[in-house]
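# Structure assessment
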Amino acid sequence: MKTQQDIQEKQLLALDRERRKLWRRFPEKVALEHPIQRGWMRCYFLTSAAKERSDAAVLNAILKEINVIKYHWKRSFVPTMRRRRNQLQQLDQPLQRIKPWRRRRSNFPAEWKHYFMVEHVFQQRVWEHTWRFRWPQLFELKVVPRMVYELPVCDSEGDSRLSEIEDILRNPKRSGRLHKLLGIRRWKDSATRQKRVERLAQKRVRAAIAGDVEAEKTAYDGAAFSASALMRNNFGPPSFNKEDQPDKRAGIAAAQLCDIGFAFIMRYRASMRC
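Thresholds applied
Residue numbers run consecutively from 1 along every chain, following the written order of its sequence. Only residues with pLDDT of at least 70 are given local features in this predicted model, and only at 80 or more are side-chain atom pairs given and counted; all residues enter the totals for whole chains, interfaces and linings. Note: side-chain values were computed over all heavy atoms of the structure, leaving out hydrogens and water. Comment: elements are numbered from the N terminus, with helices defined as DSSP H or I runs of at least four residues and strands as E runs of at least two. Each residue is assigned to one of three classes by its accessible area relative to the maximum for its type, calculated with a 1.4 Å probe on protein chains only: buried under 20%, partly exposed between the two thresholds, exposed over 50%. Contacts are residue-level and defined by heavy atoms, with any inter-residue pair within 4.5 Å sufficient. Working convention: axes come from line fits to C-alpha atoms, limited for helices to the stretch in contact. Angles between N-to-C directions cover 0 to 180 degrees. Just so you know how the angles are binned, under 35 degrees is roughly parallel, over 145 roughly antiparallel, 65 to 115 roughly perpendicular, and the rest oblique. Take the far helix as the reference: if the near one is turned anticlockwise from it by less than a right angle, the crossing is left-handed, and if turned clockwise, right-handed. Three residue categories are used. Nonpolar comprises Ala, Val, Leu, Ile, Met, Phe, Trp, Tyr, Cys and Pro, charged comprises Asp, Glu, Lys and Arg, and polar comprises the others, including Gly. Residues belong to a common nonpolar core when they are buried Ala, Val, Leu, Ile, Met, Phe, Trp, Tyr or Cys residues joined through side-chain atoms within 4.5 Å. Strands qualify as paired when DSSP identifies two bridges or more between them. Only one rule defines a salt bridge in this text: a Lys or Arg side-chain nitrogen within 4 Å of an Asp or Glu carboxyl oxygen. Paired rings are identified among Phe, Tyr and Trp, the last through its six-membered ring, by centres lying within 6.5 Å, and are further divided according to the angle between planes into stacked (under 30 degrees), edge-to-face (over 60) and tilted (the rest). In our convention, an over-ring charge means Lys NZ or Arg CZ found within 6 Å of a ring centre and within 35 degrees of that ring's normal. For every residue, the predictor reports its confidence as pLDDT, a number between 0 and 100.

Moving on, we get to the side chain of Asn 67. Here Asn 67 is to be found in the loop between α3 (56-66) and β2 (70-72). The buried category is assigned to Asn 67, whose relative accessible area is 16%. Not counting residues within four places of it along the chain, the set of residues in contact with Asn 67 comprises Cys 43, Tyr 44 and Gln 96.

Structure (structure tokens):
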């Protein structure tokens, strides 16, 4: 027999599936009678000398595979004055390199190999044999208007339904329950959890310095237990196992003990003055 909790969980999963389906929808596009300009784009084109070559068609096909296109709303591609420090201005725009997985998937013609040179690049802990174009001087970088020839049709019903689902799943209780059903963990790794624990410990120390007796007792007990356990594990009998490395959390716990002791001494001196 299904309980009320089971029914609610199935409803949450159904809403999540519907939301993902709305995210992946492809809106219909309508061709414009008169194209409009939307910003600028910077990309490579064949030079006048390359257009006169006999293999201009091959060069044009290669350029479609290795071209790099950048978009910006200004023709100069200079970042705006507002928050200029946080914006990156890319001065160079090199051609793409063809990686092994692209060669296997696209199955390029054999005659293209003459136009590339093999380079060994160390990426993601492995060596890759990439292809780099031999004669980049055959291409030139230009800034041209970015013309739009078609626009997507607005789906008002789908957008309203998506916003409705987002409002339902924005509830903390429902979102937490949905994450648990989908297997999404709050703590992704031990480092994230350890940082959260350290922030909580620092918050208790600050409360103890401010004069909170309960926070002082909780912070002292937690720091003392962590320091004793971690120091016992790190400074016990010598071990020849490579995995037994000193833990920096012992130093953090000891530092928290020092902070709590300093707060107790300062508060004691203030009470003696009174």
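A few words now on the packing of helix α1 (residues 4-23) against helix α5 (residues 156-169). Helices that pack against each other are described as a pair by the angle of their axes relative to one another and the distance between those axes. In the contact formed by α1 and α5, the axes pass within 10 Å of each other and the chain directions differ by 140 degrees. It follows from the interaxial angle that α1 and α5 lie oblique. α5 is crossed by α1, and the crossing has left-handed handedness. On α5, the residues that touch Leu 12, Leu 15, Glu 18, Arg 19, Leu 22 and Trp 23 of α1 are Gly 158, Arg 161, Leu 162, Ile 165, Glu 166, Ile 168 and Leu 169. Taken together, the residues of the contact of α1 with α5 break down into 8 nonpolar, 1 polar and 4 charged.

Now for the nonpolar core. Leu 59, Ile 62, Ile 66, Tyr 115, Phe 116, Phe 133 and Phe 139 are the most contacted members of the largest nonpolar core, which totals 18 residues. Listing elements by their share of this core, those giving two or more residues are β1 (29-46), α3 and β4 (126-133). In terms of residues, this core owes the most to one element, α3, which gives 5 residues. The residues contacting Phe 139, other than those within four sequence positions of it, are Tyr 44, Phe 45, Leu 46, Thr 47, Leu 59, Leu 63, Ile 66, Leu 95 and Phe 133.

A few words on the pairing of β1. Note that β1 and strand β5 (residues 139-152) share 12 bridges and pair antiparallel. From the neighbouring strand, Ile 36 faces β5, where its bridge partner is Val 148. In terms of strand pairing, β1 meets β2 through 3 bridges, oriented antiparallel. The partner of Arg 42 across the bridge, within β2, is Lys 70.

Turning next to the pattern of salt bridges. For the structure shown, the criterion picks out 14 salt bridges. A salt bridge links Arg 25 to Asp 159; the nearest nitrogen and oxygen atoms lie 2.3 Å apart. Taken as a pair, Arg 25 in the loop between α1 and β1 and Asp 159 in helix α5 lie far apart in primary sequence, 134 residues in all. Judged by relative accessible area, which is 28%, Arg 25 ranks as partly exposed. Measuring nitrogen to oxygen at the nearest pair gives 2.6 Å for the salt bridge that ties Arg 170 to Asp 167. You can call Arg 170 exposed: its relative accessible area is 54%. By relative accessible area, which is 47% here, Asp 167 ends up partly exposed. Connected through shared salt-bridge partners, Asp 16, Arg 19, Arg 20 and Glu 166 make up one network.

Aromatic ring pairs are described here by two measures, namely the spacing of the ring centres and the angle between the planes. Here the structure, examined in full by the defined rule, presents 6 aromatic pairs. With a centroid separation of 5.8 Å and 80 degrees between ring planes, the pair formed by Phe 116 and Phe 133 is classed as edge-to-face. Here Phe 116, found in strand β3 (residues 116-123), pairs with Phe 133, found in strand β4; they are 17 residues apart in sequence, far enough to count as distant. Taken individually, Phe 116 and Phe 133 each receive the classification buried, so the pair is uniform in this respect. Three or more aromatic residues joined by ring pairs form one cluster here, namely Tyr 115, Phe 116, Trp 131, Phe 133, Trp 135 and Phe 139. In this structure, Arg 42 packs its charged tip against the face of Phe 77, placed 4.5 Å from the ring centre.

A word on the environment of Phe 133. For Phe 133, a relative accessible area of 3% translates into the label buried. Once the C-alpha coordinates of Phe 133 and Arg 97 are considered, the two residues, 36 residues apart in sequence, prove to be 7.5 Å apart. Apart from the residues within four sequence positions on either side, Phe 133 is in contact with Leu 59, Ile 62, Ile 66, Tyr 115, Phe 116, Leu 138 and Phe 139.

What follows deals with the confidence of the model for the protein. Where the model shows low pLDDT, its predicted coordinates should not be examined in detail. Averaged over all residues, the pLDDT of the protein is 77; the fraction at 70 or higher stands at 68%. Counting interchain partners and residues more than four positions distant, the pLDDT-below-50 stretch residues 229-247 has 12 contacts.

This brings us to the sheet that holds β5. With respect to topology, 3 strands assemble into an open sheet ordered β2-β1-β5, the strand pairing being antiparallel. Since the sheet does not close on itself, it has two edges, and those belong to β2 and β5, each with one partner. Taken over all neighbouring pairs, the strand axes of this sheet differ in orientation by 40 degrees on average, direction set aside. Along the sheet, α3 makes contact with β1 and β5, crossing β1 at roughly 100 degrees.

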